[in-house]
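# Close look at the chain arrangement
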Amino acid sequence: MGHLGTFPFGHFVHFGTHLYECGIKRRGKQMILKEMKIDTWVGDPTNCYIIFDEKSKEIMIIDPAGDVDKLEEMIGILGGKLKYIYLTHCHGDHIFGVTELKNKCGGKILIHRYDAEGLNDASINLTPYIRDEKIELEADSRIDGGDLIHLGNLEFKVIHTPGHTKGGTSLYCESEKCLFSGDTLFRGTWGRTDLPTSSREDIMNSITSKLMKLPDETIVYPGHGVSTRIKDEKPIYLELKPKLI
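Quick caveat, the model's predicted, so the values are computed rather than measured.

Our next topic: helix α6 (residues 200-209). Within α6, the full set of buried residues consists of Ile203, Met204, Ser206, Ile207 and Thr208. The backbone nitrogen of Glu201 lies 3.4 Å from a side-chain oxygen of the residue at the head of α6, namely Ser199.

At a minimum axis separation of 10 Å, helix α1 (residues 68-78) and helix α3 (residues 98-105) run at an interaxial angle of 35 degrees. Remark: the crossing between α1 and α3 carries right-handed chirality. Packed against α1, whose contacting residues are Val68, Asp69, Leu71, Glu72 and Ile75, the element α3 presents Glu100, Leu101, Lys104 and Cys105 at the interface. Residue composition of the contact of α1 with α3, by class: five nonpolar, no polar and four charged.

What follows covers the sheet that holds strand β9 (residues 154-160). Picture the strands of a sheet paired through backbone hydrogen bonds; they go either parallel or antiparallel. A sheet is described by the order of its strands in space; here six strands give the open sequence β8-β9-β10-β11-β14-β15, paired in mixed fashion. At either end of the open sheet lies a strand with only one pairing partner, and these are β8 (148-151) and β15 (228-229).

Note on placement: Asp147 falls in the loop between β7 (141-143) and β8. The exposure class of Asp147 is partly exposed, given its relative accessible area of 29%. The contact partners of Asp147, leaving out residues within four places of it in the chain, are Phe156, Lys157 and Val158. For Asp147, the side chain forms a polar contact with the main-chain nitrogen of Asp144, separated by 2.8 Å.

Once that is clear, we can look at empty space enclosed by the protein. Overall, the coordinates contain one cavity of 30 Å³ or more when judged by the stated rule. Taken as a whole, the largest cavity holds about 40 Å³ of empty space. Residue lining of the largest cavity: Thr88, His89, Thr161, His164, Thr165, Gly168, Thr169, Ser181, Gly182, Asp183 and Thr184, and that is the complete set.

This part is about unusual backbone geometry. Excluding glycine, a negative phi dihedral is what most residues carry, and trans is how most peptide bonds are arranged. Phi is positive for Lys57, which is not a glycine, with a value near 65 degrees. Among the structural elements, Lys57 can be located in the loop between β3 (46-53) and β4 (58-62). Using a relative accessible area of 39% as the deciding quantity, one classes Lys57 as partly exposed. Even without being a glycine, Thr197 presents a positive backbone phi close to 70 degrees.

Before going further, it helps to spend a moment on the nonpolar core. Within the largest apolar cluster, 30 residues are counted, with the highest numbers of intra-cluster contacts made by Ile59, Ile61 and Leu87. If you list the elements that add at least two residues to this core, you get β2 (31-38), β3, β4, α1, β5 (81-86), α3 and β6 (108-112). With residues near it in sequence (within four places) discarded, Ile59 still touches Ile50, Ile51, Phe52, Ile75, Leu78, Gly80, Lys81, Leu82, Lys83, Tyr84 and Leu151. Counting residues in each nonpolar core, the second largest holds 20 residues, with Leu33, Tyr84, Tyr86 and Ile149 among its members.

Turning next to α1. Those residues of α1 lying buried are Val68, Leu71, Met74, Ile75 and Leu78. Along the long axis of α1, the arc covered by the buried residues comes to 115 degrees, so they all point the same way. In α1, the exposed residues that point more than 90 degrees away from the buried face are Asp69 and Gly76. Where α1 is buried, its residues meet β2, β3, β4, β5 and α3.

Cut-offs used in this document
- Residues numbered from 1 in each chain as written.
- Predicted model: local features only at pLDDT ≥ 70, side-chain atom pairs only at ≥ 80, totals over all residues.
- Heavy atoms only, no water.
- Buried < 20%, exposed > 50% of the residue type's maximum accessible area, 1.4 Å probe, protein only.
- Helix = DSSP H or I, 4+ residues; strand = E, 2+ residues; numbered from the N terminus.
- Polar contact = N/O pair within 3.5 Å; in protein donor to acceptor, adjacent residues only side chain to side chain.
- Axes fitted to C-alpha atoms, helices over the stretch in contact; angles between N-to-C directions.
- Left-handed = near helix turned anticlockwise from the far one by under 90°.
- Contact = heavy atoms within 4.5 Å.
- Nonpolar A, V, L, I, M, F, W, Y, C, P; charged D, E, K, R; others polar.
- Pairing = 2+ DSSP bridges.
- 1 Å grid on protein atoms, 1.4 Å probe; cavity = no way out; pocket = protein on both sides within 12 Å on 5 of 7 lines; lining within 4 Å.
- Points joined across faces, edges and corners; volume = space filled by probe spheres on them.
- Core = buried A, V, L, I, M, F, W, Y, C linked by side-chain atoms within 4.5 Å.
- Arc of directions from axis to C-beta.

Structure, rendered in structure tokens:
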């Protein structure tokens, strides 16, 4: 069984001691973004994203799948405070590091209410397929589509994108023109729909009716693999949509 997103790809990223050696990208005047690939032993590493608001020094980490010591080191390098641990969905290859990260660095755990129940249900989060480790995890806040999350002056909108799981979400920042799509949308493909609570119809609807409505220049940062842009993915779904009706 491959990873729970889609296809095998990727490698580890190791941290240096300087911001640029760590591969940190400056997205705008205020937001700094770091992507870290975390190996979960099921194929393609999970993309974990560290978002840092320079003004407030607040940090949000998306999908901490492991390597918590390195995440803690990065928080120290940035000189920030972890405010949120955002989970795009409840699968084990996206949540293995959450408890340790919260215990070491604090932060509120956020996940859509439909996936919150899956955090402690192995038949839904599929952790036994990844490693022999029991996860006991509770969300601090259960979020819904349309909710707004603030990191300093940065604003992120929650987009409910069911399909890979029933409570899967994507996180959109209009000011920075970027989308964190979890395992819903990848470069050239979409997330698996043969898993518990997943639905091919739902994922296609999430992508065509929600994500493809975003501005063309929006950069998509997926849960696995490499980034893409909305305009580069549109032709795939413009061709598929008539066949889905």
